[in-house]
Amino acid sequence: MSDEIQGQVAPEKQRLDIKKLLKSVLAFKSSDLHLVVGSEPQIRIDKELRALNLPVLDAKDVESMAYSLIEDKQKKEFEEHNELDFSFELEGVGRFRANYYRTIHGIACAFRMIPIEIPTLDEYGNPPIFKELIKKEKGLILVTGPTGSGKSTTLASMLHEINMTERRHIITIEDPVEFVHKNNKSLFSQRDVGSNTASFAAALKYSLRQDPDIILIGEMRDAETIGAALTAAETGHLVFGTLHTNSAPGTINRIIDVFDGEEQAQVRAQLASSLVAVISQTLIPRIGSGKVATQEILITNPAIQNQIREDKVHQIYSQMQLNQTETNMTTQTQQLLELLQKYHIKRECYQKL
């Protein structure tokens with residue numbers, strides 16, 4: 001059919017308003033929003049994608065919505081690299097983490113919803129041992145797991161607890177900054193890699209001159225960053241970090257394997273002396289609705305320190321199963337069985353992990 005009817009041009013297709021779309025998505029209590037050319041906008045609820053009852057997006061739709069949220073500097077960066085990570089807050093709506101990328105059909109966007117109100121450790125259902133861990137004066141605490149496993153929320157809850165109870169200077173280094181903390185008893189200096197500092201490693205290097213008590217590293221990506229984190233933990237700072245690993249012993253191996261062979265003995269020694277705990281978690285759909293976290297918890301003691309130092313990481317899992325009432329350690333298998341017995345999760349969820 002011709003665009004012209006009786007000499008008049010048909011009106012241009014009405015574009016979706018990204019801000020209204022993000023606001024409506026929150027009503028579904030979803031975790032993510034996806035905008036991809038050739039599909040309706042889709043949201044993730046309890047690990048499953050669901051299409052919204054809206055028109056299929058074309059390239060102009062996605063480009064218009066994507067560019068309406070960013071400044072010229074960010075647009076230039078995206079057009080140069082075809083990738084863009086950032087976070088933003090919509091007044092009266094919420095806070096979001098965004099990633100823009102290009103596909104063969106055009107721009108695509110992924111938005112992660114971030115609560116403005118940070119949950120406490122109790123509200124998030126974390127075990128009591130977490131409140132003991134955050135009282136440490138120095139050392140390395142790692143929260144690990146796959147993408148979307150709630151690592152950022154767990155860490156935010158830990159820092160929030162410190163903020164309500166301790167007078168500390170807390171530096172966070174993230175790409176991008178997700179949860180924004182308001183100064184209560186503690187003082188926060190939050191830094192966005194790319195906008196406020198050149199890299200994780202550079203921010204870590206200079207953070208030691210900024211009188212921190214606690215340092216949060218959004219992601220320990222490379223040997224330089226991990227090495228700086230270990231040094232900070234050894235020199236009297238409490239350091240929190242994340243890795244994309246699926247178990248506590250696997251996290252230790254990942255850190256060691258990042259370094260060259262001749263450096264690994266020194267790294268094992270540093271890790272043995274500085275590691276406080278590894279919390280490896282994942283989120284599983286709860287029967288009915290929502291998600292429940294399973295958390296494998298490793299807390300270092302002299303036996304585990306020796307196993308790290310002597311390159312016997314494969315023995316740590318057995319050590320984690322001993323005297324758990326006293327050590328407060330637990331394995332993922334135990335957590336899953338407990339959830340299964342309480343009818344919180346389905347058997348097929350247990351079998352997939």
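For clarity, every value in this text was computed on a predicted model and none was experimentally measured.

### Brief notes about the confidence of the model for the chain
The predicted model of the chain averages 90 in pLDDT, with 93% of residues at 70 or higher. Taken as a whole, residues 1–11 scores under 50 in pLDDT and shows three contacts with residues more than four places along the chain or in a different chain.

### Concerning the layout of surface pockets
Taken as a whole, the second largest pocket spans an internal volume of roughly 460 Å³. Around the second largest pocket sit 17 residues that line it, and Gln74, Glu77, Asp85, Phe86 and Ser195 are the ones nearest its centre. For the lining of the second largest pocket, the elements supplying multiple residues, two or more each, are α3 (72–81) and β6 (83–90). Considering each element in turn, the lining of the second largest pocket owes the most residues, five residues, to β6. Among the residues making up the lining of the second largest pocket, the classes are represented as six nonpolar, five polar and six charged.

### Examining the pattern of salt bridges
Across all of its chains, the model carries nine salt bridges by this definition. Arginine 168 serves as the salt-bridge partner of glutamate 137, at 3.4 Å between the closest nitrogen and oxygen. Of this pair, glutamate 137 sits in the loop between α4 (129–133) and β9 (139–144) while arginine 168 sits in the loop between α5 (151–165) and β10 (169–174); the two residues are 31 residues apart in sequence, bridging distant segments of the chain. On the accessibility criterion, arginine 168 (11% relative accessible area) is buried.

### Concerning the sheet that holds strand β8 (residues 106–114)
A sheet is described by the order of its strands in space; here six strands give the open sequence β5-β4-β3-β8-β7-β6, paired in antiparallel fashion. Either end of the sheet is taken by a strand with one partner, and the two such strands are β5 (48–51) and β6. Neighbour to neighbour, the strand axes of the sheet diverge by 25° on average, direction disregarded. Inspection of the sheet shows strand β7 (residues 94–103) paired to β8 by nine bridges, in the antiparallel sense. Along β8, the bridge assignment pairs alanine 98 with phenylalanine 111. Across the sheet, helix α1 (residues 18–27) is in contact with β3 (32–35), β4 (42–45), β6, β7 and β8; its angle to β3 comes to roughly 140°.

### Details of the packing of aromatic side chains
Between two aromatic rings, the relevant description is the distance of the centres plus the angle of the planes. With the rule as written, the count across this model stands at six aromatic pairs. Seen from their ring centres, phenylalanine 88 and phenylalanine 96 are 5.4 Å apart, and the 25° between their planes marks the pair as stacked. The buried category is assigned to phenylalanine 88, whose relative accessible area is 10%. We classify phenylalanine 96 as buried; its relative accessible area is 0%. Put simply, the rings of Phe78, Phe86, Phe88, Phe96, Tyr100 and Phe111 pair up and form one aromatic cluster.

### Description of the sheet that holds strand β11 (residues 187–192)
Reading across from one edge, β11-β10-β12-β13-β9-β14-β15 is the order of the seven strands in this open sheet, with mixed pairing throughout. Edge positions in the sheet fall to β11 and β15 (291–299), since each of these pairs with one other strand and no more. Taking each pair of neighbouring strands and ignoring which way they run, the sheet shows an average axis angle of 15°. Of the strand pairs in this sheet, strand β14 (residues 275–285) and β15 are connected by nine bridges, and their pairing is antiparallel. Note that in β15 the partner of isoleucine 279 across the bridge is isoleucine 297.

### Some points on the side chain of arginine 191
Note that arginine 191 resides in strand β11. This buried residue, arginine 191, is left without a salt bridge; aspartate 192 holds the nearest opposite charge, at 9.6 Å. If we ignore the near neighbours within four places in the chain, the residues touching arginine 191 are Thr172, Ile173, Glu174, Val177, Asn196, Thr197, Ala203 and Gln210.

Definitions and limits used
- Residues numbered from 1 in each chain as written.
- Predicted model: local features only at pLDDT ≥ 70, side-chain atom pairs only at ≥ 80, totals over all residues.
- Heavy atoms only, no water.
- pLDDT = per-residue confidence, 0-100.
- Contact = heavy atoms within 4.5 Å.
- 1 Å grid on protein atoms, 1.4 Å probe; cavity = no way out; pocket = protein on both sides within 12 Å on 5 of 7 lines; lining within 4 Å.
- Points joined across faces, edges and corners; volume = space filled by probe spheres on them.
- Helix = DSSP H or I, 4+ residues; strand = E, 2+ residues; numbered from the N terminus.
- Nonpolar A, V, L, I, M, F, W, Y, C, P; charged D, E, K, R; others polar.
- Salt bridge = Lys/Arg side-chain N within 4 Å of Asp/Glu carboxyl O.
- Buried < 20%, exposed > 50% of the residue type's maximum accessible area, 1.4 Å probe, protein only.
- Pairing = 2+ DSSP bridges.
- Axes fitted to C-alpha atoms, helices over the stretch in contact; angles between N-to-C directions.
- Phe/Tyr/Trp six-rings, centres within 6.5 Å; stacked < 30°, edge-to-face > 60°.
- Lys, Arg positive; Asp, Glu negative; His and termini not counted.

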